[in-house]
Amino acid sequence: MTALAIWATTTQPPLSVVSQATGQPFSWTIFLQSVINGISFGSIYALLAMGIVLIYKSSDVVNFAQGQMAMFLTYIAYSGMGLILGINFLQPHADLPARVGWGVFLGAIALSLVVAALMGMAIEKFMLRPLARSSVLSQVLATIGAGTLLYGLVSWIWKAEIRPFPRFEAVAGRPVQLGTPPDSIIITLEAINFLVVGLILSFLLYLFFRFTMVGTALRAMAQNAFAARLMGINVGRLNGLAWALSLMLSAIAGVLAGPRLQLEPNMMTDVGVKAFAAAVLGGMTSLPGALLGGLVIGIIDNLAGYYLGNGLQASIAFLIIILVLVIRPNGLLGKTIRKKV
Amino acid sequence: MKWQKIQQTASGKYTRWVLIIAGFTALPWIITVLPFFGANNYTYSQLNLWLILAIVCLGLNLLTGVAGQISLGHAALFQIGAYIGGYFVARQGWPVWLVIIVAGLGTGIAGLILGLPALRLSGPYLAVATFGFSVAIPQLLAGSQDIAELYSDPNELATKIGVLTVPKQNLPGLKADDDLGRYFMFLLVFLIMLVLALNINRSRHGRAFYAIRDSETAATAMGVALGKYKLLAFIVSAVYAGVAGSLFAFQVGQLDANSTSFSVLASILFLTAIIIGGLGSVWGSVLGSAVITILPPFISAVNDTIKAAFGSSIENFESIFYGLLILIFIYFMPNGLSGAFQRLRMRYSSDPSKGPATPAEPAATDLPVS
Amino acid sequence: MMLRLTKLSTLKRCSVFLLCLFLATLLAACGDNTATTVPAATTVPAATTAAAVATTAAPATTVAPAATAAAATTAAAPAAATTLAAATTTAASTGATTVAGAAPTLNTTGNTNGVTDTQIVIGSWGPQSGPAAAYGTIDRVIDAYFKKVNSEGGINGRQIKFVFQDDGYQASMTQTVVKKMVEQDKVFAFVAGLGTANNLAVMDYLVQNGVPHVAPATGTSFIANPLKRPIFALQTNYLVEATLVSRYAADSLGAKKIAVFYQDDPFGKEGLDAIVGVAKAKGKEIVAQVSYQATDKDFSSHALKLQQSGADTVIFWSVPGPTGAILQAISDINYKPTILLSAIANDPSLFKLSANTIDGAWTSSWLPDVTDPTNTDPKVVAFRDFIAKFAPKETPGGFAASGYAEAQIMVEGLKRAGKDLTRESFVKALETMDNWKEGLAFSVSFSPTNHQGQNSVYFMQASAKDNRFIKKSDFIEFKP
């Protein structure tokens, strides 16, 4: 009773126990701000996670190197900017401007997308098709091997030193402030951009899968590759397409998040891991699941970081994922697939 | 008369084990034939790190190669073993051999916890769950000041900054920093773990593990209690990692929770070692870990050559090398080194019975998708 | 569980038997006994058993026994040829006594390792790969500096041969490569070995074997405190630096409520410890201690926490990448405290990494600002010329400057030791350096009772307009 009374008299919600970690009274503004910050980074996780899901759906391969591939593609975009601006981008102290306009930005994205598509198809054809009948472990290790190789190559070509990635002018403006301080929530244009691009891309993917011939074929293949082959679907080419799409998503994620993550060979290590966790959390076979998973991980990460301490941020995120998985072994939105012997 | 009987008993296999033990014992001297290795503490400490890695790989091989459960969390188990071993030696002053056993058992319990999600998860889901373990343990150990203070004087700088010192351990009567002495200590532990691994592989439990790997459904149908055996695989594997971890603490003499030796990179390195050696093969794990241990000096020598030729060395050259190595083994030698040796032996042996003695070790590429 | 002796096959029984035998042999060989206790019937080849006993019989020397040492010099000839062609004769003659010696006085017999009439072998370690590969610059610049010295005729007629090994930033690898360099490559001394945990891991070994280590590339105060005879620290250590920084914040910048943002590792914790100490002494309140992991990328929750703590001053004990990111995150939520940065973060790249949100932040440095184009200090000009000529591929920033300064101390020590170079004379020579200002470092003093070369920093303020840090104070000496 006394506990209840105390709870009633103070306006604090039950989280007060937790918020002692910060030594501050609980405030919904902070809570909301954390959630918004979480959604911002969560959109980046979601983009990579959707890429992982695309690959897994089409070819049953878990791509552990999605982060490293995104990292490589970000370097490509960076070099594209250097090419357009006529700056030697290989120098570690290359002097790219802090902000770039529409022309340079779109040019760099286009170059990165083209490379992503070619790379995706090449990886599928030369790396994973030969392993089509191998174990999960060898496929996983093959992608890890490819990621390690990319990491080494990038450090070789561009050097391992950290460098700033130019910001896109249109979203580099002042953040939006809602409400009056101190009870105000601040949203950066970049964060809005992350979320909007993430939502648009997932909507486009939905339209693609739902209404196009190729999309339908991809869905058919995901359900039963053998039957799809019998129906005259070129499974190999479709797998290549899925890989290309997946890496293109990663390229966009990399270019968007580049200014935040800063260009270095490790830029995607943490992001890649969280994206992977997001894909699994969402169910590994569901694109909306991956989007949801990414956002959830971003939010949990921020809330845990604020209320429980930053030292344990990642641990708590993973603890929650493991719990969710133990309760729902196929993720939040995944379908239970009965395996035939 | 009697002698003949002894000779009969001590046929083939007996001589084989004599040779194996003699070979391992003489290894610190034999190895000096190789380039990069002289008769000095550098060589011996490389051998010690190899034995430690080999013990981890023996355990991981039981779990991944034999029972078919993927684990990206072994570096965390290794770390737990190191911390338990370090604690009992540094603070409690327990005898080393007892500490090794305690570290093994303690880590076994951690393995049980790691294995619990495996009861319901498989494939990528299990990979993520074990990966999470690998992320969480170093954070927990690094973040907690209480743990640091369990080890050493809280007022010491090293404790404050989270680097825990463990007195280096050696065979009784030897200097703590004598790597050769430590080699024999580690060798003894390694041989025990090796014999155990060979035994498990051929035991009833081992056969159950193989059955689970090949088909969970079929294994259940044959009366294998899936949950029990999966957990058992995790526990046994964790015991190996824990024993190796405690040896690592004795070898290095300090524990830093954020070290790459305990990060998920280490977990991937362990997996690479068993892939190189050949999944499912006990001797393969030993060979694979040897390759992983011997590579760094070789790689840096290659990089030095590049530097001499082109003026500058390559940053992260190691990564290029490891990446290629993993890919080469997966594509061209899916059975690893042990598979290659077996093929050679089959080719040059006239006696077909001298084929694989362990239950057929299927190629990595033949494992079912689980 | 797995091993039931009664049900074992012949093979297993034999292996168990052999293991017991092996154990018995080992225990026998490891006691204080002599060769008589080693059973003749063991499977161990006679030579190796004898060797093992020899090791135990002479516990004072940690080197392999004479028999194996001889074997090694023949067997490892190719290795020796590649690593150390000129010093082979020295190696062979001193092989057996290489590492004998005990602290605190350096063993003077046979410690001319790595020194011949024409050559000195100097070693170093640091990451050339892995997450910390960017630090590789330091060793590469030192290599270039020694090339410069060699091209000018070397030191007292000797050329420097520089051996540096990649340890991937792993302490266990550091131990291994240091042993290799000491015992196989026969290095005379180390310079600029990198990393806090890495240095701690090899400290005992270096001290026991009397191998000098000059100017480790880490700021941990453990290097020179307590004093270890062969170890000489150059850079102002983190404790001193953090103390000076937080005193500056309290005294000159009017800090009242201080928050600390630190990396969750030895480097960050050492800074935190000092800052908390100063705040206590000065009666200031520490309102938040926010840690981050080196791999973290999303700093929004950290920024929010700092803001909510209500701190008027935030001290960042973090490395450049995350510092840039957190500064942006702080600016995104309109939080504008007084900012102080650790010297490790005062890299010119930070202006771009933080999208200029660093403007107005304070930082300290123990080296002159080499990136300031208006700086015409002859020492800085010499550094720029050196990078342009000998290491054109390296960025002439903080890492390169510290490598350069560290190599200078090494070379100065070798010069002072003169023609008769031993480890003892080298250490004594370094201890004669008093307020030495000819190098890039501000002022270096060593003495038999002090091995901390520099104890001062100066303060700078970041200016986005000029795109660089502007010097705001003179060097401030640390007084406890």
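Residues numbered from 1 in each chain as written. Chains lettered and ligands numbered in written order. Predicted model: local features only at pLDDT ≥ 70, side-chain atom pairs only at ≥ 80, totals over all residues.

## Points about the overall build of chain B
- Across its full length, chain B carries 16 helices and 2 strands.
- Out of the 370 residues belonging to chain B, those deemed buried represent 62%.
- A separation of at least 24 residues holds for 74% of the contacts in chain B among residues at least 6 apart in sequence. (Helix = DSSP H or I, 4+ residues; strand = E, 2+ residues; numbered from the N terminus. Buried ≥ 20, exposed ≤ 12 C-beta atoms within 10 Å, placed from the backbone. Contact = placed C-beta atoms within 7 Å.)

## Some thoughts on the domain arrangement of chain B
- The assigned domain composition of chain B is domain 1 (1-33) and domain 2 (34-366).
- The class makeup of the residues in the side of domain 1 of chain B that touches domain 2 of chain B is 6 nonpolar, 1 polar and no charged. (Domains from an automatic or database assignment. Nonpolar A, V, L, I, M, F, W, Y, C, P; charged D, E, K, R; others polar.)

## Focus on the confidence of the model for chain C
All names here are of chain C.
- On average, residues of chain C carry a pLDDT of 77, and 76% of them reach 70 or more.
- This stretch, residues 1-8, has a pLDDT under 50; its non-local contacts, to residues over four places away or in other chains, come to 10 contacts.
- Segment residues 24-104: pLDDT under 50, and 130 contacts once partners within four positions in sequence are set aside and those in other chains are kept.
- Interface confidence for the predicted complex, expressed as ipTM, amounts to 0.81; the pTM equals 0.81. (pLDDT = per-residue confidence, 0-100.)

## Remarks on the environment of C:Glu270
- Among the structural elements, C:Glu270 can be located in helix α10 (residues 266-282).
- Accessibility expressed as a C-beta count within 10 Å gives 27 for C:Glu270, which makes it buried.
- Residues C:Glu270 and C:Asp251 lie 19 residues apart in sequence; the distance between their C-alpha atoms is 21 Å.
- With sequence-adjacent residues up to four places away left out, C:Glu270 is seen in contact with B:Ile161, C:Thr220, C:Ser221, C:Tyr238 and C:Leu239.

## What about the pairing of strand β8 (residues 313-317) of chain C?
Residues and elements named next belong to chain C.
- Of all the 5 residues making up β8, 5 are buried; the element is thus mostly covered by neighbouring parts of the structure.
- The two faces of β8 match: Thr313, Ile315 and Trp317 on one face and Val314 and Phe316 on the other face are all buried.
- In this sheet, β8 lies alongside strand β6 (residues 257-263) in parallel orientation, the contact comprising 5 bridges. Within the sheet, the bridge partner assigned to Tyr262 lies in β8 and is Trp317.
- With 4 bridges joining them, β8 and strand β9 (residues 338-341) adopt parallel strand pairing. Bridging across to β9, Ile315 finds its partner in Leu340. (Pairing = 2+ DSSP bridges.)

## So, the domain arrangement of chain C
Residue and element names in this part refer to chain C.
- Domain annotation of chain C identifies domain 1 (119-236 + 376-449) and domain 2 (238-365 + 459-477).
- For domain 1 and domain 2, the distance between their C-alpha centroids amounts to 29 Å.
- Listed as interface residues are 9 residues of domain 1 and, on the opposing side, 12 residues of domain 2.
- Tallied by class, residues from the side of domain 1 that touches domain 2 come to 2 nonpolar, 7 polar and no charged.

## Thoughts on the interface of chain C and chain A
- Listed per partner, the contact involves 30 residues of chain C and 35 residues of chain A.
- At the level of secondary structure, the elements contributing two or more residues to the side of chain C that touches chain A comprise β7 (285-292), α11 (300-308), α12 (320-332) and α13 (350-353) of chain C.
- Looking at the side of chain C that touches chain A element by element, the count peaks at 6 residues for α11(C).
- Here the residues of the side of chain C that touches chain A are counted per class, giving 11 nonpolar, 12 polar and 7 charged.

## Observations regarding the sheet that holds strand β2 (residues 159-166) of chain C
- Spatially, the 5 strands line up as an open sheet ordered β2-β1-β3-β4-β5 (chain C), and their pairing is parallel. The strands lining the two open edges of the sheet, one partner per strand, are β2 and β5 (231-232) of chain C.

## A word on the packing of helix α5 (residues 102-128) of chain A against helix α10 (residues 235-261) of chain A
Residues and elements named next belong to chain A.
- Viewed as axis vectors pointing N to C, α5 and α10 meet at an angle of 145 degrees, and their least axial separation amounts to 7 Å. In the packing of α5 onto α10, the handedness of the crossing is right-handed. The residues of α10 that touch α5, namely those facing Ala108, Ile109, Ser112, Leu113, Ala116, Ala117, Met119, Gly120, Met121, Ile123, Glu124 and Lys125, are Asn239, Gly240, Trp243, Ala244, Ser246, Leu247, Met248, Ser250, Ala251, Ile252 and Val255. (Axes fitted to C-alpha atoms, helices over the stretch in contact; angles between N-to-C directions. Left-handed = near helix turned anticlockwise from the far one by under 90°.)

## Comments concerning the packing of helix α3 (residues 28-59) of chain A against helix α4 (residues 66-85) of chain A
Residue and element names in this part refer to chain A.
- α4 packs onto α3 with a crossing angle of 120 degrees between their chain directions and a minimal axis gap of 10 Å. Relative to α4, α3 is oriented oblique. In this structure, α3 meets α4 at a crossing whose hand is right-handed. Residue-level inspection shows Leu48, Gly51 and Ile52 of α3 in contact with α4, the latter providing Gln66, Gly67 and Ala70.
- Among the residues forming the contact of α3 with α4, the class breakdown is 3 nonpolar, 3 polar and no charged. (Parallel < 35°, antiparallel > 145°, perpendicular 65-115°, else oblique.)

## Some details on the nonpolar core
- Residues A:Ala49, A:Met50, B:Ile55 and B:Val56 are the most contacted members of the largest nonpolar core, which totals 384 residues.
- The dominant element in this core, judged by the number of residues it contributes, is helix α9 (residues 179-202) of chain B, at 17 residues.
- Aside from chain neighbours lying at most four places away, what touches B:Ile55 is B:Phe190, B:Met193, B:Tyr240, B:Val243 and B:Ala244. (Core = buried A, V, L, I, M, F, W, Y, C linked by C-beta atoms within 7 Å.)

## With respect to unusual backbone geometry
Residue and element names in this part refer to chain C.
- The linkage connecting Asn225 with the following residue, Pro226, adopts the cis geometry, with an omega of 5 degrees.
- Tracing the backbone shows Pro226 in the loop between β4 (213-214) and β5.
- Here the phi dihedral of Asn156 falls at roughly 50 degrees; this positive angle occurs in a residue that is not glycine.
- Within the secondary structure, Asn156 is located in the loop between α6 (136-151) and β2.
- Despite not being glycine, Ala355 has its phi angle at roughly 50 degrees, a positive value.

## As for the pairing of strand β10 (residues 362-365) of chain C
All names here are of chain C.
- The side-chain alternation of β10 yields two buried faces, one formed by Trp362 and Ser364 and the other by Thr363 and Ser365.
- In this structure, β9 lies alongside β10, joined through 2 bridges in parallel fashion. By the bridge assignment, Leu341 is partnered in β10 with Thr363.
- Two elements, β10 and strand β11 (residues 456-463), share 4 bridges in a ladder whose sense is antiparallel. Its bridge partner lying in β11, Ser365 is registered against Tyr458.

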